[in-house]
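Each chain, letter by letter, is given below.
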Amino acid sequence: MLSIVIPTDNWENSYFQQSLIGYENNPNVEIIQVDVRIAPTRAERLNIGFHLSKGDIVLFHHPRTLLAPGAIEHLIKVSEEKKRSYLWGGFIHQFDKDHFMLRCISWYSNYIRSKWKGIVYLDHCVFFDRLYWNSDLEKKYIFEDTELSLMLRKFSHPVLLPYKAVTSAHRFQKNGILKQIVLNQILKLGFYLRIPSKFLFSLYQK
C-alpha cells in the first residue's frame, strides 16, 4: 500500500486535491490529511500522519504542490515490489508561474540541493520506505523537510523520479522574487546558526 500524508494548513492554493482525483477509493492507497487544527507545526502534522499510516511506502505530499499524472501510480507499483531499487526521494520541482529566476530556483533545487547535497524539500513531495523512519521529527516550525532529509540520507542518497511536482509560487508573487530569495537565504543561515525556529517561522510568514 501507498500512504499519502498531507499536512494541510490554511487551504490556500491546495493543489494536492487535484493530485488525488481518482485515488479516493483505491484499495492500494490510503489518504491521510492532518491539518493545523490538530497540530500547529508541520513537523508535528507529519509525525502524526506517519503514525496513522500503514503503507510500505509513505508519500509526504505538499498541500500546494500538484503531482503530474502517473507519479502516484508509479509509487503504488514501487510499494508492491518486494525488492525496491530506491527507497526515498521526490519528484522534479517546477513552479506554477514561468519566470527566469523561478526556473533557476527550480534548477538549483533539483540538481544541486537534491541530487548533489541530498536535501529534498517538501514541495518535491518526499516519499520513503517506512522502514527508514527511525525517529519522529523535532517539533520545529520550519525546515522540518531538511531534518527529514538528514534522517533519510543516513540510509541512502535520494532519487528524483521523472514526474513534475508543480508548486505554487504565491510567496514569490506576493513578496517579490528577489525579496523572497534574500529572505530564504536569511532563514537558511538562521537554521544553521540554530536560531529558534518559531522566530524564523514568524519571519517566513511575514
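Residues numbered from 1 in each chain as written. Predicted model: local features only at pLDDT ≥ 70, side-chain atom pairs only at ≥ 80, totals over all residues. Heavy atoms only, no water.

Visitor: Looking at this structure, how should I read the overall build of the chain?
Guide: The helix and strand inventory of the chain stands at eight helices and seven strands. Taking 2.2 N^0.38 as the reference for a compact globule, 206 residues should give roughly 17 Å; the C-alpha atoms of the chain span a radius of gyration of 16 Å, in line with that estimate. Counting only C-alpha atoms, the chain reaches 45 × 35 × 35 Å along its principal axes. Evaluated residue by residue, the chain yields a buried proportion of 51% over its 206 residues. In the chain, of all internal contacts separated by at least 6 residues, the share reaching a separation of at least 24 is 78%. Averaging the positions of the 27 positive and the 19 negative side-chain charges in the chain gives two centres separated by 6 Å. (Helix = DSSP H or I, 4+ residues; strand = E, 2+ residues; numbered from the N terminus. Rg over C-alpha atoms; globule rule 2.2 N^0.38 Å. Buried < 20%, exposed > 50% of the residue type's maximum accessible area, 1.4 Å probe, protein only. Contact = heavy atoms within 4.5 Å. Lys, Arg positive; Asp, Glu negative; His and termini not counted. Charge placed at Lys NZ, Arg CZ, Asp CG, Glu CD.)

Visitor: I keep staring at the sheet that holds strand S3 (residues 57-60) and nothing clicks. Help me out?
Guide: Within a sheet, each strand pairs with its neighbour through backbone hydrogen bonds, oriented either parallel or antiparallel. Ordered by their spatial adjacency, seven strands build an open sheet running S2-S1-S3-S6-S5-S7-S4, and the pairing between neighbours is mixed. The sheet is open, and its two borders are formed by strand S2 (29-33) and strand S4 (65-67), each paired with just one other strand. This sheet shows a mean twist of 25° between the axes of neighbouring strands, independent of strand direction. (Pairing = 2+ DSSP bridges. Axes fitted to C-alpha atoms, helices over the stretch in contact; angles between N-to-C directions.)

Visitor: Could you clarify how one ought to interpret the confidence of the model for the chain in this entry?
Guide: It should be kept in mind that the predicted coordinates are not to be read in detail where pLDDT is low. When pLDDT is averaged across the chain, the result is 92; 97% of the residues are at 70 or more. Looking at the elements of the chain, mean pLDDT is at its lowest for helix H8 (residues 197-205), recorded as 83, and at its highest for S3, recorded as 98. (pLDDT = per-residue confidence, 0-100.)

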